[in-house]
Structures are given as C-alpha cells and as structure tokens.
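Tertiary structure, described
Spelled out, the chains give:
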Amino acid sequence: MIGVFDSGSGGLTILKELVKTFPDQDFTYLGDHANAPYGHRSNQQIVDMTTKGVDALMKRDCRLVVLACNTAAAVALRTIQQGWLADNIPENRVLGVLVPMVEAVTGVSWHHTEPPQDNKDDRSVILFATKKTIESGAYREEVAKRSPGVNWIEKPCPGLVDAIEGGAGRRPLAGLVAGFVDEAMPFLVGQPLGSVVLGCTHFPLVEDLFRAALPDDADIYSQPQIVAEALRDYLVSHPEFASGGTGTIRAFTTGDPDSLAVLDMGLANFEHLSL
Ligand code: DGL
C-alpha cells in the first residue's frame with residue numbers, strides 16, 4: 001500500500017497520475033483539509049501536521065508515503081525523515097515531490113550537487129508556488145547548485161490554493177493566475193523565459209489558465225508526470241515498497257467529505273479521519 005499525503009486536494013493531481021502509472025498498486029490518500037492551506041502556516045505547524053498525516057497513513061499499512069505537497073516536502077520532509085521516521089519506523093520511507101522536479105528542471109541527478117562542466121543553461125525559469133515553499137529556499141538552493149546560470153524567478157501565489165480549495169469559478173481563478181504571471185514577467189531581465197515550474201500540487205488543476213497567461217513558447221513542467229516517473233524508478237530499485245495489490249484506492253480527509261465532491265476527481269469517495 002502506498003500512501004499519498006497533501007494539505008488538501010492538490011495531491012489528487014499526483015495520485016491520479018500514480019494510479020495511471022501503477023494500475024495494480026493500492027493507494028491510500030489523506031488530505032488534511034481541516035488544516036489547509038499549509039502555505040501560510042509556521043514551519044513547526046507544518047512539521048507537526050505532516051507528521052500526524054504520515055503516521056496515520058503508516059498505521060493504515062502504507063510503508064511508503066509520498067508527500068504530494070511541495071509546502072510539506074520543502075518544510076517538513078527532511079525533519080520527518082531524520083527525526084520521527086528514523087526514531088520510530090526506520091524501515092518505512094517518506095518521499096517528496098521536489099527532488100524529481102529539481103532533477104527535471106536542471107537535467108542533473110540529485111546525487112550530483114555540482115553543475116556539469118559544460119552546463120551553459122542560461123534560461124529564465126519561473127517557479128510559481130506557495131509563499132512557504134518559496135521562503136524555504138529549497139528549490140532555489142538545489143537548482144542553483146546544479147544550474148547556476150539559470151535566471152531563477154520565484155513568484156508566490158497567495159490565495160490561489162485557498163481559491164481552488166474553495167471551489168472558485170474559472171473566471172476568478174483566471175484573473176488570479178494572470179496577475180501572478182504579469183507580476184513575474186518583468187524579472188526576465190533579458191534572459192528568455194524557457195520554462196515554468198508549477199511547484200504546488202494544486203496548480204495542475206489550473207494549468208490551462210497558466211498556459212493561457214504565459215508566452216506560447218514557455219514549457220510547463222508537469223509535476224504529476226515527473227513524480228510518477230520518479231516513483232517508477234524508485235520502485236525498480238526498491239521493489240520491497242512495490243507491494244502490489246488490486247488497484248484499490250481509498251481517500252481520507254480530516255475535513256468534511258461532503259464538501260469535497262467537486263474536487264475528488266472521481267478517484268474515490270472521501271471518508272472522514274480525525275488526526
Ligand atoms: N498542494 C500544496 C503544495 O503543493 C498546497 C499547500 C498549501 O496547503 O498551501 O504546496
């Protein structure tokens with residue numbers, strides 16, 4: 001059983017791709033809707049809430065949990081891996097979603113913390129993410145180590161997760177997205193925009209709106225596909241976590257299941273779970 005955790009419904013974008021990639025695996029999803037969004041919370045709160053979520057999934061037989069939340073991964077992953085997990089269940093694993101994205105953007109493996117000699121990458125790349133993910137510096141630092149010539153632009157998107165979770169209509173969402181894109185564009189300073197990182201798992205739900213607001217030639221890195229590919233590689237080298245199954249999906253929320261129907265993406269009906 002593989003666990004997938006997010007502060008709310010954004011991780012469903014990752015789960016959907018995982019289910020497509022691994023149709024025979026069983027998945028359990030947990031969205032901490034009662035405490036979402038995490039993007040405005042303190043680091044300690046994010047660590048505590050994420051730990052509780054991972055613990056709940058591991059108690060439900062998930063030996064491997066994917067933090068399908070950039071904010072939780074950026075702020076809490078290392079602390080959980082080196083603290084709570086190492087102290088309590090060292091045989092289990094927690095993975096995040098930043099590592100595969102950094103590898104995809106830079107084309108450099110996580111194990112290489114130096115840029116290749118011939119690295120002449122001087123694109124502009126814009127990261128759209130929550131304020132907390134950006135404040136953590138995780139993307140910035142890891143990309144700079146591997147691709148120092150990239151003009152890395154960071155654009156926090158306050159209110160976007162809240163609006164998606166709140167079921168806002170396409171028009172207000174399009175206005176928000178266009179505003180964030182407009183605010184980021186002046187930072188290109190002559191280095192052409194090559195790519196865009198949607199560094200929040202909620203944002204694939206509005207990827208079409210980013211696409212419409214961005215210049216046509218800007219690539220958008222798709223986190224669900226990149227994470228699914230990375231998990232495929234991981235399970236090849238760690239087959240003990242590919243437990244197999246019958247393609248069963250269960251979904252839990254710390255919030256009200258009835259209010260989530262619009263966001264459940266048809267993957268599973270949410271059941272309530274108190275942490
Ligand atoms: N989906 C989460 C992420 O990837 C949203 C975080 C939040 O709840 O603010 O960052």
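Remember, it's a predicted structure, so these values are computed and weren't measured experimentally.

**With respect to the site of the ligand**
- By nearness alone, 13 residues border the ligand, and Ser-7, Tyr-38, Thr-71, Thr-201 and His-202 come closest of all.
- Between an oxygen atom of the ligand and a main-chain N or O atom of Gly-39, the distance comes to 2.7 Å.
- Surface burial for the ligand is 99%, taken as the share of its 300 Å² of free accessible area covered by protein chains.

**Remarks on the sheet that holds strand β2 (residues 27-31)**
- Judged by pairing direction, the sheet is parallel, and its 6 strands sit side by side in the order β4-β3-β1-β2-β9-β10 without closing on themselves. Strands with a single pairing partner mark the edges of an open sheet, and in this sheet they are β4 (93-95) and β10 (270-272). Within the sheet, the average angular offset between the axes of one strand and its neighbour, ignoring direction, is 25 degrees.
- As paired elements, strand β9 (residues 249-253) and β10 share 3 bridges and run parallel to each other. Pairing of Thr-253 across the sheet is with His-272, part of β10.

**A look at the pattern of salt bridges**
- Throughout the structure, instances matching the rule amount to 11 salt bridges.
- Ionic pairing is found between Asp-55 and Lys-59, a salt bridge with its closest N-O pair at 2.8 Å. Highlighted residues: Asp-55 and Lys-59, both in helix α2 (residues 43-59), separated by 4 residues, approximately one helical turn.
- Look at Asp-55 and you get partly exposed, because its relative accessible area is 23%.
- Look at Lys-59 and you get exposed, because its relative accessible area is 62%.

**Quick notes on α2**
- Here α2 spans 24 Å end to end across 17 residues, near enough to the 24 Å set by a 1.5 Å rise per residue.
- Among the structural elements, β1 (2-6), β2, β3 (64-67), α3 (70-88), β4 and α5 (131-136) are those in contact with the buried residues of α2.
- The positive-phi residue at the C-terminal boundary of α2 is Asp-61, with phi of around 75 degrees.

**Regarding unusual backbone geometry**
- The omega torsion of the bond from Ala-36 to Pro-37 falls at -5 degrees, within 30 degrees of zero and hence cis.
- Looking at the secondary structure, you find Pro-37 in the loop between β2 and α2.

**Side note on the sheet that holds strand β6 (residues 151-156)**
- The strand order across the open sheet built from 4 strands is β6-β5-β7-β8, with neighbouring strands paired in parallel fashion. Looking at which strands have only one partner, the edges of the open sheet turn out to be β6 and β8 (219-221). Averaged over all pairs of adjacent strands, the angle between their axes in this sheet comes to 20 degrees, without regard to strand direction.
- The sheet contact formed by strand β7 (residues 193-198) and β8 spans 3 bridges and is parallel. Its bridge partner lying in β8, Ser-195 is registered against Asp-219.
- The sheet contacts of helix α6 (residues 138-146) involve β5 (124-129), β6 and β7, and relative to β6 the element is tilted by about 170 degrees.
- Along the sheet, helix α8 (residues 170-184) contacts β5 and β6; its crossing angle with β6, the most-contacted strand, is approximately 145 degrees.

**What about the nonpolar core?**
- One finds Leu-67, Trp-152 and Val-197 to be the most contacted residues of the largest nonpolar core, which totals 67 residues.
- The residues touching Leu-67, leaving out its near neighbours within four places in the chain, are Phe-5, Thr-50, Val-54, Ala-72, Ala-73, Leu-77, Val-94, Leu-95, Gly-96 and Val-97.
- In terms of nonpolar packing, the next biggest core, distinct from the first, is built from 25 residues, Ile-126, Leu-160, Leu-188 and Phe-203 among them.

**Structural notes on the pairing of β7**
- For β7, a buried count of 6 out of 6 residues is recorded, marking the element as mostly surrounded by other parts of the structure.
- Direction of pairing for β5 relative to β7: parallel, over a ladder of 5 bridges. Opposite Leu-127, over in β7, you have Val-197 as the bridge partner.
- What joins β7 to β8 is helix α9 (residues 207-213), and the crossover it makes is right-handed.

**Observations regarding the packing of helix α4 (residues 98-106) against helix α10 (residues 223-237)**
- The contact between α4 and α10 brings their axes to 9 Å, and the two run at 105 degrees. The angle between α4 and α10 falls in the class roughly perpendicular. Contacts between α4 and α10 involve Pro-100, Met-101 and Ala-104 on the former and, on the latter, Gln-223, Ile-226, Val-227 and Ala-230.

Definitions and cut-offs
Residues numbered from 1 in each chain as written. Predicted model: local features only at pLDDT ≥ 70, side-chain atom pairs only at ≥ 80, totals over all residues. Heavy atoms only, no water. Near = heavy atom within 4 Å. Polar contact = N/O pair within 3.5 Å; in protein donor to acceptor, adjacent residues only side chain to side chain. Areas by Shrake-Rupley, 256 points an atom, 1.4 Å probe, with all protein chains shown as cover. Pairing = 2+ DSSP bridges. Helix = DSSP H or I, 4+ residues; strand = E, 2+ residues; numbered from the N terminus. Axes fitted to C-alpha atoms, helices over the stretch in contact; angles between N-to-C directions. Salt bridge = Lys/Arg side-chain N within 4 Å of Asp/Glu carboxyl O. Buried < 20%, exposed > 50% of the residue type's maximum accessible area, 1.4 Å probe, protein only. Expected span 1.5 Å × (residues − 1). Contact = heavy atoms within 4.5 Å. Core = buried A, V, L, I, M, F, W, Y, C linked by side-chain atoms within 4.5 Å. Right-handed = clockwise from strand over helix to strand, strands pointing away. Parallel < 35°, antiparallel > 145°, perpendicular 65-115°, else oblique.

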